[in-house]
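As a plain string of letters, each chain reads:
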Amino acid sequence: MRLVNGEETVCEKRSENRGRKARTGVEQTSPSPALDEAVQSSEPCIVRRPDGQKLRVLSVFGTRPEAIKMAPVITELQRTPEVESRVCVTAQHREMLDQVLELFDIRPDYDLDLMRKNQSLSQLSARVLTMLEPIFGEARPDWILVQGDTTTAALAALAAFYGRVKIGHIEAGLRSHNKWGPYPEEINRRVAGVVADLHFAPTESARRNLLVEGIHGSQIFVTGNTIIDALRLVQLRAWDPSPLRDAIQGLDPQRTKIIIVTAHRRENFGEPIIQICEALRRLANQYGDRVRFFYPVHRNPNISDPVHRLLSRIPNIILSDPLEYLPLVHLMKRSYLVLTDSGGIQEEAPALGIPALVLRDVTERPEAVASGNVRLVGTDPNRIVEEVSRLLDNRSEHKRMAQAANPYGDGHAAKRIVRALCMEKAPKTAPAPHQCPDLVGRVN
Ligand code: UD1
Ligand code: UDP
């Protein structure tokens, strides 16, 4: 095993895990065969517009996780000679987005600067729609790419549909089948899916969700999740450990275990975040200097206000500003456990071999639950204390969760996405109607 800064890399961890996949029986990402062949090809893309110009692709995103997951795609678009790549950020997030833009050296062509303190979803949605319209007019993209389930993703997709621009949806097909959890993300992701022309599903089960909803199979590509590409891109980089000073200062790794905590979901506003804090307080008292909680607090005031009020004076709970991505990844690699309601961290933790307890009742990412890396624990303080204690007190239980398979891809998702776009010669806005022989001739 090769070490980078004294730590093993994702790729090597994954290749080590490869042998385990068969044993765990977890379904793996299997990209479409024709596309996979194309991904391996060294031939340049062959798609030219009739006027001989390049394929114009506009990537639109606005929040931290979208930026992290879009970054590998933008890198791939930029190095594809047949593509003219442009970037529009809505800046639904500001500081948290800018951290990622800087890390990946992404310089947006358009910055809508939409973040307002604690703005409502409707206010944000209206501004995404109205401000994107002239940009589509100016950039005249052949495709827009959106990622995931944020309000930026859903509304940018809708704006593109109104502007008759073709839409590629990255991380398509995840479903909790619960309108209120995650809220509003479950419906945001569906909205993007309804208007998308191409669906880049990270896993087979996401592809199946889309098929069940009537999306034609020829419009779906299973690519893996670009978060694994992003992890691979960043972890070989030089990094500045100073943001981790409070997390690791004076730490005896033999005695004290680091537990990372993140939470930000709207369904956890109010009582649930108070309950999460209560669980952390009890665990911090119970385990004393055997644990150190490191909690980079999301900037949403509905989260940051109660978290700072309830946890700021507990010595073994360190609250910090949101961490830059690179130190966060390195801290995750040193941590014993992650407590989170984040979507992205549910995907990263398995890739890094870190157990994750998910502070939610439902998840649209069932693969890592099935593989044993992730466990849903909700927000009841008794349950959280019980599950964390189990992993702290029982090493074999911890080892089992740390060793399971990674179902979210091989780090080549971005390449598959860009290839698929380039191979997509004709617009697929009117797919062939489905054959439903059992409905033919039915009289109500
Ligand atoms: C948003 C997404 C959520 C995603 C999360 C990732 C929606 C509806 N929600 O949630 O799906 O999981 O981002 O983190 O799209 N703020 C700042 N600075 C920042 C970012 C946020 O001050 O850099 C504060 C502002 O007061 C802002 C508030 O947080 O109004 C909420 O931001 P918003 O993007 O609406 O929701 P998130 O909870 O961040
Ligand atoms: N992340 C980060 N700094 C932090 C917390 C999270 O860089 O302080 C990264 C994390 O590693 C993951 C992404 O942000 O890649 C997830 O973002 P978030 O949890 O805000 O959104 P979600 O994935 O739930 O939509």
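Everything numeric in this text was worked out from a predicted model, so none of it was measured.

1. Some details on the sheet that holds strand β3 (residues 55-61)
The strand order across the open sheet built from seven strands is β5-β4-β3-β6-β7-β8-β9, with neighbouring strands paired in parallel fashion. The open sheet terminates on both sides in strands that have one partner only, identified here as β5 (110-111) and β9 (220-222). Direction of pairing for β3 relative to strand β4 (residues 83-89): parallel, over a ladder of seven bridges. Opposite Leu58, over in β4, you have Arg86 as the bridge partner.

2. Re helix α8 (residues 204-212)
All of the buried residues in α8 are Ala206, Arg207, Asn209 and Leu210. Looking down the long axis of α8, one finds its buried residues gathered within 155° of arc, a one-sided arrangement. Against α7 (185-195), β8 (198-201) and β9 lie the buried residues of α8. Taken from the residues just after α8, Gly214 is the one with a positive phi, measuring 95°.

3. Concerning the site of ligand 2
Close to ligand 2 lie 15 residues, the nearest being Pro65, Pro296, Ser342, Gly343 and Gly344. Listed by contribution, the elements that provide at least two residues to the shell around ligand 2 are α3 (64-78), α13 (325-334) and α14 (343-352). Broken down by element, the residue count for the shell around ligand 2 peaks at four residues, all from α14. Among the residues making up the shell around ligand 2, the classes are represented as eight nonpolar, five polar and two charged. Each of two domains, domain 1 (24-225 + 409-423) and domain 2 (243-402), supplies a minimum of three residues to the shell around ligand 2.

4. A short note on the environment of Asp289
By secondary structure assignment, the location of Asp289 is in the loop between α11 (271-287) and β11 (291-296). Taking the C-alpha atoms as reference, Asp289 lies 8.7 Å from Lys257; in sequence the two are 32 residues apart. With sequence-adjacent residues up to four places away left out, Asp289 is seen in contact with Thr256 and Asn316.

5. Section: the site of ligand 1
Ligand 1 sits among 23 residues. The nearest are His93, Met96, Thr150, Arg299 and Asn300. If you list the elements that add at least two residues to the shell around ligand 1, you get α3 and α4 (95-103). Residue composition of the shell around ligand 1, grouped by class: six nonpolar, nine polar and eight charged.

6. Side note on the sheet that holds strand β15 (residues 374-376)
In spatial order, the strands read β12-β11-β10-β13-β14-β15; together these six strands make up an open sheet with parallel pairing. Looking at strand neighbours, the two that pair on one side only are β12 (317-320) and β15, the edges of this open sheet. Across the sheet, the mean angle separating the axes of adjacent strands is 20° when strand polarity is ignored. In this sheet, β12 lies alongside β11 in parallel orientation, the contact comprising four bridges. The partner of Phe293 across the bridge, within β12, is Ile317. In the packing of α11 onto the sheet, contacts are made with β10 (257-262), β11 and β12, and the angle to β11 comes to roughly 150°.

7. What about the pairing of strand β13 (residues 337-340)?
The alternating pattern of β13 places Leu337 and Leu339 and Val338 and Thr340 on opposite faces, both of which are buried. As defined by bridge partners, β13 adjoins strand β14 (residues 356-358) across three bridges and the pair is classed as parallel. The residue of β14 that forms the bridge with Thr340 is Val358. In this region the chain leaves β13, passes through α14 and returns to the parallel neighbour β14; the handedness of that crossover is right-handed.

8. Remarks on the environment of His169
Mapped onto the elements, His169 comes out in strand β7 (residues 166-170). For His169, a count of 29 C-beta atoms within 10 Å corresponds to the buried category. In this structure the C-alpha to C-alpha distance between His169 and Asp149, which are 20 residues apart in sequence, comes to 9.7 Å. Residue contacts for His169: discarding those within four places in its chain leaves Val146, Ala157, Ala192, Gly193, Ala196, His199 and Phe200.

9. Regarding the nonpolar core
In this structure, Ile144, Val146, Ala156 and Ala157 are the most contacted members of the largest nonpolar core, which totals 115 residues. Sorting elements by how many residues they give to this core places helix α6 (residues 151-162) first, with eight residues. Shared between two domains, this core takes at least three residues from each, and those domains are domain 1 (24-225 + 409-423) and domain 2 (243-402). Residue contacts for Ile144: discarding those within four places in its chain leaves Leu58, Val60, Ala156, Ala160, Val165 and Ile167.

10. Observations concerning the packing of α3 against helix α18 (residues 413-423)
Where α3 meets α18, the axes come as close as 8 Å, and the angle between the chain directions of the two elements is 50°. By the criterion of interaxial angle, the relationship of α3 to α18 is oblique. Taken as a pair, α3 and α18 cross one another with a handedness that is right-handed. Contact residues: Pro72, Val73, Thr75, Glu76 and Leu77 in α3; Ala414, Lys415, Ile417 and Val418 in α18. Here the residues of the contact of α3 with α18 sort into six nonpolar, one polar and two charged.

11. Overview of unusual backbone geometry
Where the residue is not glycine, phi is negative for most of them; where a peptide bond is considered, it is trans in most cases. Put simply, Gly181 and Pro182 share a cis peptide bond, and its omega is -5°. Relative to the helices and strands, Pro182 resides in the loop between β7 and α7. A cis amide bond links Tyr183 with the next residue in sequence, Pro184, at an omega value of 5°. Examined against the element boundaries, Pro184 turns out to sit in the loop between β7 and α7. Here Arg164, not a glycine, exhibits a phi torsion of approximately 55°, which is positive. Structurally, Arg164 is set in the loop between α6 and β7. When the 9 C-beta atoms within 10 Å are taken as the criterion, Arg164 is described as exposed.

12. Comments concerning the confidence of the model for the protein
Residues at a pLDDT of 70 or more form 83% of the protein, whose mean pLDDT is 87. Across residues 1-30, where pLDDT falls below 50, the model places 52 contacts with residues more than four positions away in sequence or in other chains. Throughout residues 425-444 the model reports pLDDT below 50, and contacts reaching past four residues in sequence, or to other chains, amount to ten contacts.

Cut-off values and rules
Residues numbered from 1 in each chain as written. Chains lettered and ligands numbered in written order. Predicted model: local features only at pLDDT ≥ 70, side-chain atom pairs only at ≥ 80, totals over all residues. Pairing = 2+ DSSP bridges. Helix = DSSP H or I, 4+ residues; strand = E, 2+ residues; numbered from the N terminus. Buried ≥ 20, exposed ≤ 12 C-beta atoms within 10 Å, placed from the backbone. Arc of directions from axis to C-beta. Contact = placed C-beta atoms within 7 Å. Near = placed C-beta within 6 Å. Nonpolar A, V, L, I, M, F, W, Y, C, P; charged D, E, K, R; others polar. Domains from an automatic or database assignment. Axes fitted to C-alpha atoms, helices over the stretch in contact; angles between N-to-C directions. Right-handed = clockwise from strand over helix to strand, strands pointing away. Core = buried A, V, L, I, M, F, W, Y, C linked by C-beta atoms within 7 Å. Parallel < 35°, antiparallel > 145°, perpendicular 65-115°, else oblique. Left-handed = near helix turned anticlockwise from the far one by under 90°. pLDDT = per-residue confidence, 0-100.

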